[in-house]
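Residues per chain, in single letters:
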Amino acid sequence: MRDDFTVNCIPGSPCDPNLVVRVSDLVNFQPAAPSQTMEPRGWSVAGLPANFIASASEHSRTGALLGYPAEVHFTPVGYRWSYGDGAQASTNSGGATWAALGLPEFSDTATSHAFASPGSYAVVVAVVYSAEYRFAGLAWRPVQGTLSTSASPLGVIVGDAQTVLVNRECTTNPAGPGC
(Lines give C-alpha, C1' and ligand atoms only; values in the text may rest on other atoms or scores of the structure.)
Protein backbone atom coordinates (compact mmCIF):
# COMPACT_ATOMS: atom_id res chain seq x y z
CA MET A 1 0.00 0.00 0.00
CA ARG A 2 1.19 3.45 -0.87
CA ASP A 3 0.83 6.58 1.23
CA ASP A 4 -0.84 9.49 -0.49
CA PHE A 5 0.93 12.77 -0.31
CA THR A 6 0.34 16.22 -1.72
CA VAL A 7 2.97 18.47 -3.21
CA ASN A 8 2.14 22.11 -2.76
CA CYS A 9 3.35 24.32 -5.55
CA ILE A 10 3.47 28.02 -4.96
CA PRO A 11 1.82 29.90 -7.86
CA GLY A 12 4.44 31.67 -9.93
CA SER A 13 7.21 29.28 -8.91
CA PRO A 14 9.07 26.94 -11.31
CA CYS A 15 6.75 24.01 -10.55
CA ASP A 16 3.61 25.99 -11.47
CA PRO A 17 2.28 24.44 -14.71
CA ASN A 18 0.26 27.62 -15.37
CA LEU A 19 3.22 29.98 -15.04
CA VAL A 20 3.27 32.52 -17.85
CA VAL A 21 6.58 34.28 -18.51
CA ARG A 22 6.50 37.43 -20.61
CA VAL A 23 9.31 39.31 -22.32
CA SER A 24 8.99 41.98 -19.62
CA ASP A 25 10.02 39.31 -17.06
CA LEU A 26 13.41 38.85 -18.75
CA VAL A 27 14.99 41.85 -17.00
CA ASN A 28 18.12 39.81 -16.16
CA PHE A 29 18.54 38.47 -19.70
CA GLN A 30 19.70 40.32 -22.80
CA PRO A 31 20.17 38.63 -26.17
CA ALA A 32 23.50 39.02 -27.93
CA ALA A 33 23.77 42.04 -30.21
CA PRO A 34 23.99 41.19 -33.91
CA SER A 35 26.86 42.18 -36.15
CA GLN A 36 26.38 43.82 -39.53
CA THR A 37 28.40 44.51 -42.64
CA MET A 38 27.73 45.66 -46.17
CA GLU A 39 28.86 45.38 -49.77
CA PRO A 40 30.65 47.37 -50.98
CA ARG A 41 32.38 47.89 -47.64
CA GLY A 42 31.37 51.30 -46.23
CA TRP A 43 30.40 53.03 -49.47
CA SER A 44 27.78 53.01 -52.19
CA VAL A 45 26.71 54.85 -55.32
CA ALA A 46 23.46 56.83 -55.34
CA GLY A 47 20.79 54.93 -57.24
CA LEU A 48 22.54 51.53 -57.01
CA PRO A 49 21.74 48.86 -54.41
CA ALA A 50 24.11 48.40 -51.49
CA ASN A 51 23.87 44.94 -49.91
CA PHE A 52 23.50 44.76 -46.10
CA ILE A 53 24.17 41.59 -44.11
CA ALA A 54 23.40 40.93 -40.43
CA SER A 55 24.59 38.01 -38.37
CA ALA A 56 22.71 36.66 -35.35
CA SER A 57 22.35 33.13 -34.02
CA GLU A 58 20.50 31.07 -31.47
CA HIS A 59 22.05 31.26 -28.02
CA SER A 60 21.28 30.77 -24.33
CA ARG A 61 21.91 32.80 -21.19
CA THR A 62 21.67 31.83 -17.53
CA GLY A 63 20.52 34.00 -14.66
CA ALA A 64 17.64 34.66 -12.28
CA LEU A 65 14.11 34.57 -13.68
CA LEU A 66 11.33 35.55 -11.29
CA GLY A 67 13.81 34.99 -8.46
CA TYR A 68 14.80 31.45 -9.51
CA PRO A 69 17.87 30.20 -11.40
CA ALA A 70 16.92 29.68 -15.03
CA GLU A 71 18.15 29.40 -18.58
CA VAL A 72 16.71 31.48 -21.44
CA HIS A 73 17.19 30.51 -25.08
CA PHE A 74 16.96 33.20 -27.80
CA THR A 75 16.15 32.48 -31.47
CA PRO A 76 16.35 35.17 -34.19
CA VAL A 77 12.99 35.39 -36.00
CA GLY A 78 13.25 38.67 -37.92
CA TYR A 79 15.38 41.65 -38.88
CA ARG A 80 14.33 45.32 -38.96
CA TRP A 81 16.50 47.62 -41.04
CA SER A 82 16.72 51.39 -40.74
CA TYR A 83 18.81 52.75 -43.61
CA GLY A 84 19.37 56.24 -42.20
CA ASP A 85 17.56 58.06 -45.01
CA GLY A 86 14.03 57.46 -43.71
CA ALA A 87 13.66 54.09 -45.46
CA GLN A 88 13.02 50.95 -43.41
CA ALA A 89 12.55 47.27 -44.19
CA SER A 90 11.73 44.03 -42.39
CA THR A 91 13.19 40.70 -43.48
CA ASN A 92 13.09 37.10 -42.29
CA SER A 93 16.83 36.59 -42.66
CA GLY A 94 19.98 38.62 -42.17
CA GLY A 95 20.86 38.37 -45.84
CA ALA A 96 23.96 37.04 -47.59
CA THR A 97 26.80 38.32 -49.75
CA TRP A 98 26.30 38.76 -53.47
CA ALA A 99 28.80 35.92 -54.05
CA ALA A 100 26.90 33.55 -51.74
CA LEU A 101 23.69 34.43 -53.58
CA GLY A 102 25.35 33.94 -56.97
CA LEU A 103 24.62 37.55 -57.97
CA PRO A 104 26.79 40.23 -59.56
CA GLU A 105 27.74 43.30 -57.53
CA PHE A 106 25.06 45.99 -57.13
CA SER A 107 22.22 43.45 -57.56
CA ASP A 108 18.99 43.78 -55.60
CA THR A 109 18.71 41.44 -52.60
CA ALA A 110 16.16 41.04 -49.81
CA THR A 111 18.36 43.22 -47.57
CA SER A 112 19.72 45.72 -50.11
CA HIS A 113 18.89 49.41 -50.32
CA ALA A 114 19.52 52.05 -52.97
CA PHE A 115 20.17 55.51 -51.52
CA ALA A 116 18.62 58.26 -53.65
CA SER A 117 21.15 60.97 -52.81
CA PRO A 118 24.84 61.26 -51.99
CA GLY A 119 25.67 61.76 -48.33
CA SER A 120 26.61 60.03 -45.09
CA TYR A 121 24.14 57.61 -43.56
CA ALA A 122 24.01 55.43 -40.44
CA VAL A 123 22.39 52.04 -41.07
CA VAL A 124 21.10 50.08 -38.08
CA VAL A 125 19.69 46.57 -37.97
CA ALA A 126 17.65 45.28 -35.03
CA VAL A 127 17.26 41.53 -34.64
CA VAL A 128 13.90 40.34 -33.31
CA TYR A 129 14.20 37.32 -31.01
CA SER A 130 11.68 34.84 -29.69
CA ALA A 131 12.60 33.27 -26.36
CA GLU A 132 11.95 30.20 -24.28
CA TYR A 133 12.97 29.40 -20.72
CA ARG A 134 13.51 26.49 -18.38
CA PHE A 135 14.20 25.94 -14.73
CA ALA A 136 16.61 23.26 -13.47
CA GLY A 137 17.03 21.59 -16.86
CA LEU A 138 13.31 20.85 -17.21
CA ALA A 139 11.44 21.18 -20.52
CA TRP A 140 11.65 24.44 -22.46
CA ARG A 141 8.58 26.66 -22.21
CA PRO A 142 7.77 29.65 -24.46
CA VAL A 143 8.11 33.27 -23.38
CA GLN A 144 5.19 35.44 -24.48
CA GLY A 145 6.21 38.18 -26.90
CA THR A 146 9.40 39.03 -28.73
CA LEU A 147 12.28 41.35 -27.98
CA SER A 148 14.89 43.01 -30.14
CA THR A 149 18.42 44.24 -29.89
CA SER A 150 20.33 46.45 -32.32
CA ALA A 151 23.77 46.28 -33.85
CA SER A 152 26.08 49.26 -33.67
CA PRO A 153 25.34 51.77 -36.47
CA LEU A 154 27.14 51.12 -39.74
CA GLY A 155 28.42 54.25 -41.47
CA VAL A 156 27.85 54.46 -45.23
CA ILE A 157 29.25 57.10 -47.56
CA VAL A 158 27.12 57.44 -50.70
CA GLY A 159 28.61 59.16 -53.70
CA ASP A 160 27.57 60.09 -57.21
CA ALA A 161 28.94 58.40 -60.29
CA GLN A 162 29.05 59.67 -63.82
CA THR A 163 29.93 57.78 -66.96
CA VAL A 164 32.62 59.25 -69.16
CA LEU A 165 32.95 57.94 -72.69
CA VAL A 166 36.41 57.36 -74.07
CA ASN A 167 37.06 57.78 -77.83
CA ARG A 168 33.69 59.61 -78.09
CA GLU A 169 31.62 56.46 -78.68
CA CYS A 170 31.47 52.88 -77.45
CA THR A 171 31.32 51.38 -80.95
CA THR A 172 35.04 52.09 -81.34
CA ASN A 173 36.01 50.46 -78.04
CA PRO A 174 33.06 48.49 -76.52
CA ALA A 175 35.20 47.30 -73.60
CA GLY A 176 36.34 50.83 -72.69
CA PRO A 177 35.42 52.68 -69.50
CA GLY A 178 31.79 53.76 -69.45
CA CYS A 179 30.76 51.34 -72.22
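Scroll up to find the structure this text is about.
How each quantity is defined
Residues numbered from 1 in each chain as written. Predicted model: local features only at pLDDT ≥ 70, side-chain atom pairs only at ≥ 80, totals over all residues. Heavy atoms only, no water. Salt bridge = Lys/Arg side-chain N within 4 Å of Asp/Glu carboxyl O. Helix = DSSP H or I, 4+ residues; strand = E, 2+ residues; numbered from the N terminus. Buried < 20%, exposed > 50% of the residue type's maximum accessible area, 1.4 Å probe, protein only. Pairing = 2+ DSSP bridges. Axes fitted to C-alpha atoms, helices over the stretch in contact; angles between N-to-C directions. Phe/Tyr/Trp six-rings, centres within 6.5 Å; stacked < 30°, edge-to-face > 60°. Core = buried A, V, L, I, M, F, W, Y, C linked by side-chain atoms within 4.5 Å. Contact = heavy atoms within 4.5 Å.

(A) Representation of the pattern of salt bridges within the structure. The tally for this structure, following the rule as stated, stands at one salt bridge. For Arg134, the salt bridge identified is with Glu71, shortest N-O distance 3.0 Å. A residue pair is termed long-range when its members are at least 10 positions apart, and Arg134 in strand β8 (residues 119–134) and Glu71 in strand β5 (residues 68–82) qualify at 63 residues. Judged by relative accessible area, which is 23%, Arg134 ranks as partly exposed.

(B) Broad picture of the sheet that holds strand β1 (residues 35–39). Taken in spatial order, the three strands line up as β1-β3-β7 in an open sheet, and their pairing is antiparallel. Each edge of the sheet is formed by a strand with only one pairing partner; in this case those strands are β1 and β7 (112–114). Sheet twist, expressed as the mean angle between neighbouring strand axes with direction ignored, is 25°.

(C) Molecular detail of the packing of aromatic side chains. According to the stated counting rule, one finds ten aromatic pairs in the structure shown. Aromatic pair Phe52 and Phe115: ring centres 6.4 Å apart, planes at 75°, arrangement edge-to-face. Here Phe115 lies in the loop between β7 and β8 and Phe52 lies in strand β3 (residues 49–55), a separation of 63 residues in the sequence. As far as burial versus exposure is concerned, Phe52 and Phe115 are alike and both buried. Three or more aromatic residues joined by ring pairs make a cluster, and in this case those are Phe52, Trp81, Tyr83, Phe115 and Tyr121.

(D) Structural context of the pairing of strand β6 (residues 88–91). In this structure, β5 lies alongside β6, joined through four bridges in antiparallel fashion. Among the inter-strand pairings, Arg80 is bridged to a residue of β6, identified as Ser90. As consecutive antiparallel partners, β5 and β6 are separated by five residues, and within that stretch Gly84 has a phi angle of approximately 85°, a positive value.

(E) Focus on the nonpolar core. Within the largest apolar cluster, 31 residues are counted, with the highest numbers of intra-cluster contacts made by Leu26, Phe52, Leu65, Phe74, Phe115 and Tyr133. The set of elements that each furnish at least two residues to this core consists of β3, β5, β8 and β11 (154–159). Among the elements that take part in this core, β8 stands out by supplying seven residues, more than any other. For Phe115, the residues in contact, after removing those within four places along its chain, are Ala46, Gly47, Leu48, Phe52, Tyr83, Asp85, Tyr121, Val123, Val156 and Val158.

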